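# Descriptive analysis of the structure
So the chains spell out like this:
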Amino acid sequence: MTDDSWVPDACTLPTTERPVRLAEFDGLFRDALRGVDRPAARHLRLHLDGEAEPVARDLIARESACCSFFTFDLARPDGDVLTLDVRVPAARVAVLDALARRATAARGR
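First, a word on scope: everything that follows refers to the structure included in this document. (Residues numbered from 1 in each chain as written. Predicted model: local features only at pLDDT ≥ 70, side-chain atom pairs only at ≥ 80, totals over all residues. Heavy atoms only, no water.)

Turning our attention to the nonpolar core. Counting residues in hydrophobic clusters, the biggest one holds 28 residues, and the most contacted among them are Phe 29, Leu 46, Leu 48, Phe 70, Leu 84, Val 86 and Leu 99. Among the elements of the structure, helix H1 (18–32), strand E2 (43–49), helix H2 (53–66), strand E3 (71–78), strand E4 (81–87) and helix H3 (93–107) are those that each provide at least two residues to this core. With residues near it in sequence (within four places) discarded, Leu 48 still touches Leu 28, Ala 32, Leu 33, Arg 34, Ala 56, Asp 80, Val 81, Leu 82 and Leu 84. (Core = buried A, V, L, I, M, F, W, Y, C linked by side-chain atoms within 4.5 Å. Buried < 20%, exposed > 50% of the residue type's maximum accessible area, 1.4 Å probe, protein only. Helix = DSSP H or I, 4+ residues; strand = E, 2+ residues; numbered from the N terminus. Contact = heavy atoms within 4.5 Å.)

This is how it looks when you write it as structure tokens:
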């Protein structure tokens, strides 16, 4: 999934760097994703392997810097699993939908 047309204008990441960022998310999802939940339209919950914490923290810090509408919360409910909660305002639900599709697609690979 390489189409980044769903990336909103509010994203300040330079267009040329977007494919690299998307590949980083795809890699995190492919390598560490253990489950996906959607508690609400504006809320996505990703369950990640606990060993992915440094990669996840770095990626969400950089994503927060360019797409300030995201709210990321990373927690470790037990030793082996991380929970990454991603929330967006109502105006950005389509972006969260696209991120959920990428996660689901990467997990299936």
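Here the focus is the packing of aromatic side chains. For the structure on display, the rule yields three aromatic pairs. When the centroid spacing of 4.8 Å and the interplanar angle of 35° are considered together, the rings of Phe 69 and Phe 70 count as tilted. One exposure class covers both Phe 69 and Phe 70, and it is buried. Taking NZ or CZ as reference, Arg 92 lies 5.1 Å from the ring centre of Phe 69, over its face. (Phe/Tyr/Trp six-rings, centres within 6.5 Å; stacked < 30°, edge-to-face > 60°. Lys NZ or Arg CZ within 6 Å of the ring centre and 35° of its normal.)

Let us look at the environment of Val 81. Here Val 81 is to be found in strand E4. Overall, Val 81 belongs to the partly exposed group, its relative accessible area being 25%. Spatially, the C-alpha atom of Val 81 lies 6.6 Å from that of His 47, the residues being 34 residues apart in sequence.

Further remarks concern the packing of H1 against H2. The N-to-C vectors of H1 and H2 enclose an angle of 145°; their axes lie 11 Å apart at closest approach. H2 is crossed by H1, and the crossing has left-handed handedness. Each of Arg 21, Glu 24, Phe 25 and Leu 28 in H1 lies in contact with H2, whose residues at this interface are Val 55, Ala 56, Leu 59, Arg 62, Glu 63 and Cys 66. Per-class residue counts for the contact of H1 with H2 are six nonpolar, no polar and four charged. (Axes fitted to C-alpha atoms, helices over the stretch in contact; angles between N-to-C directions. Left-handed = near helix turned anticlockwise from the far one by under 90°. Nonpolar A, V, L, I, M, F, W, Y, C, P; charged D, E, K, R; others polar.)

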